[in-house]
Protein chains: 2
Amino acid sequence: MDIKSVLSEYLRFPGISADPSAKQAIADTAKFLAGLLSRAGATPQIVETAGNPIVVGRFNAERSDLPHVIIYGHYDVQPVDPVELWETPPFEPTFRDGKIFARGSADNRGPHAVAIVAFANLLARRPDLPIRATFVIEGEEEIGSGSFPQFLRDNKAELSTGDFVMLSDTESPARDLIAITIGLRGVVGLEVEFEGPNCDLHSGIFGGAIYNPLQALAEICASLHKPDGTVNVPGFYDDMTPPAGWERNELARLPQTDESLKKFCGTDALHCLPGYSGTEATRFAPTLEFNGIGGGYQGAGSKTIVPAKAFAKITCRLVPAMSPDDIFQKVSAAILARVPAGIRAKITRMQECPPYYICPPNHADAATMPNRALAAAFSAAHEIIAAQFGNPPVYTRDGGSIGIVEEFRKVCGLNSLMLGFFLPESKIHSPNENIDVAFLEKGVKTYEAVFEKIADAGKA
Amino acid sequence: MDIKSVLSEYLRFPGISADPSAKQAIADTAKFLAGLLSRAGATPQIVETAGNPIVVGRFNAERSDLPHVIIYGHYDVQPVDPVELWETPPFEPTFRDGKIFARGSADNRGPHAVAIVAFANLLARRPDLPIRATFVIEGEEEIGSGSFPQFLRDNKAELSTGDFVMLSDTESPARDLIAITIGLRGVVGLEVEFEGPNCDLHSGIFGGAIYNPLQALAEICASLHKPDGTVNVPGFYDDMTPPAGWERNELARLPQTDESLKKFCGTDALHCLPGYSGTEATRFAPTLEFNGIGGGYQGAGSKTIVPAKAFAKITCRLVPAMSPDDIFQKVSAAILARVPAGIRAKITRMQECPPYYICPPNHADAATMPNRALAAAFSAAHEIIAAQFGNPPVYTRDGGSIGIVEEFRKVCGLNSLMLGFFLPESKIHSPNENIDVAFLEKGVKTYEAVFEKIADAGKA
């Protein structure tokens, strides 16, 4: 099976999960994908959910004696707006300059098709391969994976027999430098509502006697950081595990510098936890971030009021071993303790996800891996990537949170091997999304070798 | 002429200036008003403007030897929404419980009709009254008096011959306690835009390295007050003239207390300039107030971004002898000096109006009055109000700003005598707007006596 020809077909389906009128395209994509899995040698099933179907492909499903790898991906794609900025139509896959241009080429159809093609090729070579594999390709990742947790709970008995999850929905820093993501920041969100007077008041008639909720909001939000940029919440850093020396060394292999980060963001100064570079701070350090603040008059011109209400949307990014619950409690307590007389504050808990971390075997005793199959997969990935791409993989923590990685761990007790198979220049979520074909072809060889090594390592 | 019957007609016109479909009603109102002025004895003129017409009524316009009083009012009214909360239709004037209920009854048709009826009655009694009077009733007050400054400039030669302006578009604290407004706070507004990264950034990928514009906004806004509530801008209070002792004593006559103010605003604590009660702080003290703050995600739920931009809308209320220009410069300089590296701030100057103040003759030598007619008017108002309402008037500064009072002073060099002829229970701008008829009838007697005293005092 050939990744180029597979994508020439697969990238034609406009399966935009955010578009309510794309239901048929979503169904068509799922059907195509089921066929692809079947061609690869797996037994396909289209599982209906409350939202879009999840496509499952099983190989050796009855064999509990074999190592069992679960491959995750998502077939749904981002909207294509602004469509006029595409050089070729987003759902007409086009090859030029060694790349394939189409919506979904990098996020995520290309990368998970790599796994399917690799699996097909391996089975063609070794039809009796002693491995059990379950492909799980969902259709709602771009709109929050709403149906996925229920799917995991419904299929917990089966999926918990997996040894680990393998996925490629992360970025690698360069065509010759593949990232293996070993950590993700967690997150916990809260929304604070500040209430002052019982209605918007005329600032001429009442201004000067009433605590303005916007002033309270500003004072309390300002109090949440110290002048050195650290979070001013008692105990905030108590459970933070600083990065190991080797992790800092790994991160130093990334091409990003503070200068390039400033240039990319269009800012003339970074603002990091003391002792951390920009790259380190976004991956190793927790944050308290204001995502949205509002209150009072929002339109053009001016309206002379003392507003009744204001709000602040806050999220904290968490690193090992901080807990969403603990941080929510600490931040909430700090805020409530700082509310002045005349103002009432109400805090609502929003989304949360714990931080994720797994130490790779080349930086710790492989025995710390939960099972032999996962250790074999990490080792295989390391060797094959070094050979295929000319550099050993870089082990990084990412600054973001990937909900399904946490769901797999929470519901099924599974860790994840995350291989980055899109690139900074892939323009995911933007016009002219693309992926380098030679890069994907090396990905196919990597996945194939990893699958083979898992099979040959045998069950723990 | 009888105020009750005049209002029974006048309050039927739905002249809502904010309603683009009410143009005919506005024209009809102006026509009715011109007729009313004619019946009262003045020569009416409907002056077209870029917006709604201004109705002018002249009496003795050719007599430059007589004291010349200019009477201001506005015939346009607020919208009636939510109309279902009205007990009787807003444009069907209804008498019950000694009050007349209708939109505009208190703001401002009732109070300026008082002046017209008083003038008519006085002329009926003394047809040769030695006074020159110019009624100027505009139709855009509720939408900002946009055409009024140009009208003043166009008619400056005529209007500058006036001795002063008389108006009743302010509140009195009770049916037996009439306020004469001798001061108004000024205002100067500014909008600050804070810019950080060049676009909204993913808070997982970039959070922890970038100065969040919302954090900068919070820190800078928080810095603008000290813990004691005073404005933390160098020189902010330099030009503030503290109130005279007699002014504090006058204000103490108002029924409002800190407790009643707290109850009205639904708050459990006031927040005033040290040494000032709530009533004093809102009238004698300057402020720096946040009218609106916004930035980042404003919708339901959460969006994990480091936003690119944020804004704060700020207005300062000014008291004598603070200047809008000086305060704008000082606040802007303080803000710009506090912008951290990584953030850019841009400040736009918004609306402004200087503070207004005139000392009444019973609290200073009447010679400080700019002319004999104004001194006579103040003295007459004092005596008649004391007799009619059982209490001498209370001389107060108001916390708000009335643009046209400043425009009359700026363009024509005229001071204003402001008699409060609506009440706290009049529900201006709200459903069931009303005015007490006996209260208005006393107002008619007051205006009549004031006009007569001005006439008899003669030209300066």
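Values in this document were obtained by computation on a predicted structure and should not be read as measured data. (Residues numbered from 1 in each chain as written. Chains lettered and ligands numbered in written order. Predicted model: local features only at pLDDT ≥ 70, side-chain atom pairs only at ≥ 80, totals over all residues. Heavy atoms only, no water.)

**Thoughts on the overall build of chain A**
Working step 1: Secondary structure summary: chain A contains 13 helices and 18 strands in total.
Working step 2: When the backbone C-alpha atoms are referred to their principal axes, chain A occupies close to 80 × 50 × 45 Å.
Working step 3: Here chain A holds 460 residues, and 61% of them are scored as buried.
Working step 4: The contacts of chain A with a sequence gap of at least 6 include a subset with a gap of at least 24, amounting to 79%.
Working step 5: Split by element, the accessible area of chain A, about 16,300 Å² in all, is 52% carbon and sulfur.
Working step 6: For chain A, the separation between the mean place of its 42 positive charges and that of its 55 negative charges on side chains is 1 Å. (Helix = DSSP H or I, 4+ residues; strand = E, 2+ residues; numbered from the N terminus. Buried < 20%, exposed > 50% of the residue type's maximum accessible area, 1.4 Å probe, protein only. Contact = heavy atoms within 4.5 Å. Areas by Shrake-Rupley, 256 points an atom, 1.4 Å probe, with all protein chains shown as cover. Lys, Arg positive; Asp, Glu negative; His and termini not counted. Charge placed at Lys NZ, Arg CZ, Asp CG, Glu CD.)

**Describing the sheet that holds strand β18 (residues 434-436) of chain B**
Residues and elements named next belong to chain B.
Working step 1: Strand order in the open sheet formed by 3 strands is β4-β5-β18, and the pairing between neighbours is antiparallel. Of all strands in the sheet, those with a lone pairing partner are β4 (94-96) and β18, marking the two edges. This sheet shows a mean twist of 25° between the axes of neighbouring strands, independent of strand direction.
Working step 2: In this sheet, β18 lies alongside strand β5 (residues 99-101) in antiparallel orientation, the contact comprising 3 bridges. Along β18, the bridge assignment pairs Ile-100 with Ile-435.
Working step 3: Helix-sheet contacts for helix α13 (residues 437-457) involve β4, β5 and β18, and the interaxial angle to β18 is about 65°. (Pairing = 2+ DSSP bridges. Axes fitted to C-alpha atoms, helices over the stretch in contact; angles between N-to-C directions.)

**Notes on the relation of the copies chain B and chain A**
Working step 1: Mapping chain B onto chain A leaves a residual RMSD of 0.2 Å; the transformation is a rotation of 180° accompanied by 0.1 Å of translation along its axis. Taken together, these values place the two copies in the relation of a two-fold axis.
Working step 2: Most of the interface of chain B is mirrored in chain A, where 100% of its interface residues are also at the interface. (Least-squares fit on C-alpha atoms with pLDDT ≥ 70 in both.)

**Section: the side chain of A:Glu250**
Working step 1: Mapped onto the elements of the fold, A:Glu250 is located in helix α7 (residues 245-251).
Working step 2: Engagement of the side chain of A:Glu250 in a polar contact is seen with the backbone nitrogen of A:Tyr395, the distance being 2.6 Å. (Polar contact = N/O pair within 3.5 Å; in protein donor to acceptor, adjacent residues only side chain to side chain.)

**Let's talk about helix α10 (residues 324-337) of chain B**
Working step 1: An ideal rise of 1.5 Å per residue puts 20 Å on 14 residues; α10(B) measures up with 20 Å between its terminal C-alpha atoms.
Working step 2: Listing the buried residues of α10(B) in full gives B:Pro324, B:Ile327, B:Phe328, B:Lys330, B:Val331, B:Ser332, B:Ala334 and B:Ile335. (Expected span 1.5 Å × (residues − 1).)

**A look at the sheet that holds strand β5 (residues 99-101) of chain A**
Residues and elements named next belong to chain A.
Working step 1: Taken in spatial order, the 3 strands of this open sheet run β4-β5-β18, and their pairing is antiparallel. Across the chains shown, the open sheet's two edge strands, defined by having one partner strand only, are β4 (94-96) and β18 (434-436). Between one strand axis and the next, the sheet turns through 25° on average, direction left out of account.
Working step 2: Lying over the sheet, helix α13 (residues 437-457) contacts β4, β5 and β18, oriented at roughly 65° with respect to β18.

**Some words on the packing of aromatic side chains**
Working step 1: Applying the stated criterion to the full structure yields 32 aromatic pairs over all chains.
Working step 2: Each ring, one from B:Phe148 and one from B:Phe151, has its centre 5.7 Å from the other, and the planes form 35°; the classification is tilted. With a gap of 3 residues between them, B:Phe148 and B:Phe151 both fall in helix α4 (residues 148-154), about one helical turn apart.
Working step 3: Judged by its relative accessible area of 6%, B:Phe151 falls in the buried class.
Working step 4: A centroid spacing of 5.8 Å and a plane angle of 70° characterise the contact between B:Phe389 and B:Phe439, whose relative ring orientation is edge-to-face. In this pair, B:Phe389 sits in helix α11 (residues 372-389) while B:Phe439 sits in helix α13, placing the two residues 50 residues apart along the sequence. With respect to class, B:Phe389 is no different from B:Phe439; both count as buried.
Working step 5: Put simply, the rings of A:Phe59, A:Phe119, A:Phe135, A:Phe389, A:Phe421, A:Phe439, A:Tyr447 and A:Phe451 pair up and form one aromatic cluster.
Working step 6: For the cation-ring pair, B:Lys4 lies above B:Phe95, with the distance from its terminal atom to the ring centre recorded as 4.9 Å.
Working step 7: Taking NZ or CZ as reference, B:Arg96 lies 3.8 Å from the ring centre of B:Phe101, over its face. (Phe/Tyr/Trp six-rings, centres within 6.5 Å; stacked < 30°, edge-to-face > 60°. Lys NZ or Arg CZ within 6 Å of the ring centre and 35° of its normal.)

**Observations regarding the nonpolar core**
Working step 1: Formed by 103 residues in total, the largest nonpolar core has its most connected members in A:Leu288, A:Ile314, A:Val331, B:Leu288, B:Ile314 and B:Val331.
Working step 2: Those residues in contact with A:Val331, other than ones at most four positions away along the chain, are A:Leu190, A:Val233, A:Phe236, A:Leu288 and A:Cys316. (Core = buried A, V, L, I, M, F, W, Y, C linked by side-chain atoms within 4.5 Å.)

**Quick look at the interface of chain B and chain A**
Working step 1: Contact with chain B, which involves 69 residues of that partner, is made by 69 residues of chain A.
Working step 2: Together, the buried faces of chain B and chain A total about 5,200 Å²; carbon and sulfur atoms form 54% of this surface.
Working step 3: Connecting chain B to chain A are 0 salt bridges.
Working step 4: Viewed at the interface, chain A and chain B are joined by 39 residue pairs in polar contact (both at pLDDT 80 or more).
Working step 5: Elements with a contribution of two residues or more to the side of chain B that touches chain A: β10 (201-202), α6 (213-223), α8 (258-265), α9 (278-284), β11 (287-296), β12 (305-306), β13 (309-318) and β14 (344-353) of chain B.
Working step 6: Here the element with the most residues in the side of chain B that touches chain A is β11(B); it accounts for 9 residues.
Working step 7: A class-by-class count of the residues in the side of chain B that touches chain A yields 29 nonpolar, 31 polar and 9 charged.
Working step 8: For strand β11 (residues 287-296) of chain A and β11(B), the ladder comprises 5 bridges, and the chain directions are antiparallel. The residue of β11(B) that forms the bridge with A:Ile293 is B:Gly295. (Buried area = accessible area lost by both parts, 1.4 Å probe. Salt bridge = Lys/Arg side-chain N within 4 Å of Asp/Glu carboxyl O. Nonpolar A, V, L, I, M, F, W, Y, C, P; charged D, E, K, R; others polar.)

**Quick notes on the environment of A:Gln24**
Residues and elements named next belong to chain A.
Working step 1: Take Gln-24: it is sitting in helix α2 (residues 23-40).
Working step 2: Residue Gln-24 is classed as exposed on the basis of its relative accessible area, which comes to 54%.
Working step 3: Taking the C-alpha atoms as reference, Gln-24 lies 31 Å from Tyr-447; in sequence the two are 423 residues apart.

**Considerations on the pairing of β11(A)**
Residues and elements named next belong to chain A.
Working step 1: Where burial is concerned, most of β11 is hidden: 9 out of the 10 residues are buried.
Working step 2: Here 8 bridges tie β11 to strand β13 (residues 309-318), and the two strands are oriented antiparallel to one another. Note that in β13 the partner of Gly-295 across the bridge is Ala-310.

**Let's talk about the environment of A:Pro79**
Residue and element names in this part refer to chain A.
Working step 1: Here Pro-79 shows up in the loop between β3 (68-74) and β4.
Working step 2: We classify Pro-79 as partly exposed; its relative accessible area is 28%.
Working step 3: Setting aside anything within four residues of it in sequence, one finds Pro-79 in contact with Ile-16, Ala-18 and Arg-103.

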